[in-house]
Amino acid sequence: MTEPSRTVEVERKYDVDLETPLPRWDAIPGVDAVTSGEVRVLDARYFDTADGALSQGGVALRRRTGGPDEGWHVKGPRRGDGRLELGWPLGEGDELPSAVAETVSEWTSAPLTPLARIENDRTAYLLTGPGGIVAEFVDDRVRATDLRQNVQREWREWEMELGPAAPSDDAGRTRFFDAVEQAVLAAGGRESASGSKLARALGF
């Protein structure tokens, strides 16, 4: 079985209007520079069983092209402040790789069919400090299709995900995200009303 990549996502999401200017990051602790934006064109298809077994287990399965981590991804249930994401290469064709099928068999062995398509024009910025990448901020313009209901939705959102040089202690992370939230609110953003892009694509 191919060993997947493993990352623990610790992030915050924010809703934002189409014309809202980007936040200023001057007052974020531990950050002394921000890279110019890198444009990524992402196209993801999400899969689930007919009765939503993966969603009910807090799991998301997708095949995504574009960006530095394109491939198959399984996002596990949220544990505390983070969520484990496993990743495999795209492979040949659209067939579910056996290693991915084996991983999701922990939650279901029923047939998996397309659930949603999420196309995303993303601009990514790295917030860096003396120790390296503190966080990645992304500005996402999303077009989503609920493939089972044939409903399309569009929106813009921001995400801030901790990087390898982020604070490792709870107090440090709290200070970091508190400062991020202040900058987001000052720019005109607001706390996300939905837990994930997939949930929003499906109307939740």
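Residues numbered from 1 in each chain as written. Predicted model: local features only at pLDDT ≥ 70, side-chain atom pairs only at ≥ 80, totals over all residues. Heavy atoms only, no water.

Help me get a handle on the overall build of the chain, residues and values and all.
The number of helices and strands found in the chain is four helices and eleven strands. The C-alpha atoms of the chain give 17 Å as radius of gyration, which agrees with the globular expectation for 204 residues (17 Å, within 12%). Principal-axis analysis of the C-alpha atoms gives the chain an extent of 50 × 35 × 30 Å. For the chain, the proportion of its 204 residues judged to be buried stands at 47%. In the chain, of all internal contacts separated by at least 6 residues, the share reaching a separation of at least 24 is 66%. With an accessible surface of roughly 10,700 Å², the chain has 49% of that area assigned to carbon and sulfur atoms. If you average the places of the 25 positive and of the 36 negative side-chain charges in the chain, the two averages end up 2 Å apart. (Helix = DSSP H or I, 4+ residues; strand = E, 2+ residues; numbered from the N terminus. Rg over C-alpha atoms; globule rule 2.2 N^0.38 Å. Buried < 20%, exposed > 50% of the residue type's maximum accessible area, 1.4 Å probe, protein only. Contact = heavy atoms within 4.5 Å. Areas by Shrake-Rupley, 256 points an atom, 1.4 Å probe, with all protein chains shown as cover. Lys, Arg positive; Asp, Glu negative; His and termini not counted. Charge placed at Lys NZ, Arg CZ, Asp CG, Glu CD.)

So what about the packing of aromatic side chains? Which residues, and what values?
Summed over all chains, the structure comprises five aromatic pairs. Measuring from ring centre to ring centre gives 5.0 Å for Trp25 and Phe137, while their planes differ by 65°; the resulting arrangement is edge-to-face. With Trp25 in the loop between β2 (11–16) and β3 (33–34) and Phe137 in strand β9 (residues 132–146), this residue pair connects regions lying 112 residues apart in the sequence. Given the relative accessible area of 9%, Trp25 is considered buried. The buried category is assigned to Phe137, whose relative accessible area is 2%. Taking the ring centre of Phe177 as reference, the NZ or CZ of Arg12 above it sits at 4.2 Å. (Phe/Tyr/Trp six-rings, centres within 6.5 Å; stacked < 30°, edge-to-face > 60°. Lys NZ or Arg CZ within 6 Å of the ring centre and 35° of its normal.)

Which residues make up the pattern of salt bridges, and what values do they have?
Should their charged atoms come close, side chains of opposite charge can pair. One pass over the full model with this rule turns up 24 salt bridges. Salt-bridge contacts for Arg62 lead to Glu85; the nearest nitrogen and oxygen are separated by 3.8 Å. In this pair, Arg62 is assigned in strand β5 (residues 60–65) and Glu85 in strand β7 (residues 82–88), connecting sequence segments 23 residues apart. A salt bridge links Glu157 to Lys197, with the shortest nitrogen-to-oxygen separation between them at 2.6 Å. Residue Glu157 is found in strand β10 (residues 151–162), and its partner Lys197 is found in helix α4 (residues 197–201); the two are separated by 40 residues along the sequence. (Salt bridge = Lys/Arg side-chain N within 4 Å of Asp/Glu carboxyl O.)

Talk me through the nonpolar core; I want residue IDs and the actual numbers.
Core analysis: the biggest nonpolar cluster contains 22 residues, and Trp25, Ile28, Phe137, Trp158, Met160, Phe176 and Val180 have the highest contact counts within it. When residues of this core are assigned to their parent elements, the largest contribution, seven residues, is made by helix α3 (residues 170–187). If we ignore the near neighbours within four places in the chain, the residues touching Met160 are Val10, Glu11, Arg12, Trp25, Leu127, Ala135, Glu136, Phe137, Phe176, Phe177 and Val180. (Core = buried A, V, L, I, M, F, W, Y, C linked by side-chain atoms within 4.5 Å.)

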